[in-house]
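# Coordinates in review
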Amino acid sequence: EDPSLEKHFKGHRDAVTSVDFSINKKQLASGSMDSCLMIWSMRPQMRAYRFVGHKDAVMCVQFSPSGHLVASGSRDKTVRLWIPSVKGESTVFKAHTGTVRSVHFSSDGQSLVTASDDKTVKVWTVHRQKFLFSLSQHINWVRCARFSPDGRLIVSASDDKTVKLWDKTSRECIHSFCEHGGFVNHVDFHPSGTCIAAAGTDNTVKVWDVRMNRLLQHYQGNAVVNSLSFHPSGNYLVTASNDSTLKILDLLEGRLLYTLHGHQGPATCVAFSRTGDFFASGGSDEQVMVWKTNFDAGDYGDVLKTQKSGTSVDGTHHTLVEMDCGVHLKKTKTQDSGRNHEQQEEENSLANTLEHIMGQLDVLTQTVSILEQRLTLTEDKLKECLENQQKIIQNK
């Protein structure tokens, strides 16, 4: 069944640049050239929040893994961390000397990677927004940077026509993929962490294996590709293009599954929800659209076992990476089914509690940062008052 349009959000006053779902799918964040960040509620009759703070276009937004924070990067060279609630409080830090094009949380929610027109990629701690280190080998604007699922690698895409792979511990560039004929707009890791996909102004999407550093698949479109997102199963990829379409690629078959028309004008960004049953897109037409996926293969594990190779669009045969994660997960589950049910239940509730605690911690540290900022402001004001008083006394 074809993907279908589920919701249609209007509220931005300029092109939408970025979209992201929270973990529970209850909220969707979007950034726009109108300098605002918006949080849309996926539940009916719930209101949208408009967050004001950036002094210029918001280029990128992302929810933290716990869903309790949203990071945004802007043309005003800053990154803001927001609590996605009614108040919309945020802390801000000067991240780069150029436009911040991309923000991304590590999967443990502890680090943040940013990419900028100042040609650098930077890594920060989330809790104190402390700068950790810089990666600077690109020779042009960096459009996008992402952590690998295990947090050990970083991938970055640039207008210098390269995609670079970095080791987070040694901070060294391990490999440069130079097969792009144009600027690279967007890059992301496959959920298994074994390969990456990159979208470019040469109208292509390329999929590389990061273990052997070789090209696995190559999709040739007829318009600039602005953004892409992997389905959590790892079997599909959705792209957003300048010809106003969204395309769904079947990675196992190596072919185009659907072309979706909805936006009037370039489709600028696209993202699957964390469970993969929805995806959202944004465009130059100021609109945010949410689509119901509808094409999920029932049991991903089985699909992966049966189809390990696909023919790519240009007709050459590529063997697809063995998508380890899906298969192993399925196996361990079936072996464990002998284990008693209560133990499983207990573990699940424990995991949920831990996740909740982590989320609360995120909010607490963020609140502390906000209070610290306010305190500094108050101290500055006090200092000013005292100085003024001194002056008055001296003049008398």
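Okay, so let's go over this structure. From a predicted model like this one, the values you see are computed outputs, not experimental measurements.

## Some thoughts on the sheet that holds strand S16 (residues 163-167)
For sheets, the rule is that strands pair by backbone hydrogen bonds, running either parallel or antiparallel. Reading across from one edge, S14-S15-S16-S17 is the order of the four strands in this open sheet, with antiparallel pairing throughout. The two strands at the open ends of the sheet, each matched to only one other strand, are strand S14 (142-147) and strand S17 (172-177). Along the sheet, successive strands turn relative to each other by an average axial angle of 20 degrees, direction set aside. Both S16 and S17 contribute to a ladder of five bridges, which runs antiparallel. The residue of S17 that forms the bridge with Lys-164 is Ser-176.

## As for the sheet that holds strand S3 (residues 27-32)
Read from one edge to the other, the open sheet built from four strands follows the order S2-S3-S4-S5, with strand pairing classed as antiparallel. Edge positions in the sheet fall to strand S2 (16-21) and strand S5 (49-51), since each of these pairs with one other strand and no more. Strand after strand, the sheet turns through a mean of 20 degrees between neighbouring axes, direction not considered. Of the strand pairs in this sheet, S3 and strand S4 (residues 37-41) are connected by five bridges, and their pairing is antiparallel. Within S4, the position partnered with Leu-28 by the bridge is Trp-40.

## What about the state of the cysteines?
Applying the stated criterion across every chain yields a total of zero disulfides. For the unlinked cysteine Cys-60, the closest cysteine sulfur is that of Cys-144, found at 9.0 Å.

## Re the environment of Arg-255
Here Arg-255 lies in strand S25 (residues 255-261). You can call Arg-255 partly exposed: its relative accessible area is 41%. Between the C-alpha atom of Arg-255 and that of Tyr-219, which follows or precedes it by 36 residues, the distance is 8.0 Å.

About the thresholds
- Residues numbered from 1 in each chain as written.
- Predicted model: local features only at pLDDT ≥ 70, side-chain atom pairs only at ≥ 80, totals over all residues.
- Heavy atoms only, no water.
- Pairing = 2+ DSSP bridges.
- Helix = DSSP H or I, 4+ residues; strand = E, 2+ residues; numbered from the N terminus.
- Axes fitted to C-alpha atoms, helices over the stretch in contact; angles between N-to-C directions.
- Disulfide = S-S within 2.5 Å.
- Buried < 20%, exposed > 50% of the residue type's maximum accessible area, 1.4 Å probe, protein only.

Fair warning: the whole summary comes from geometry, so function is off the table for now.
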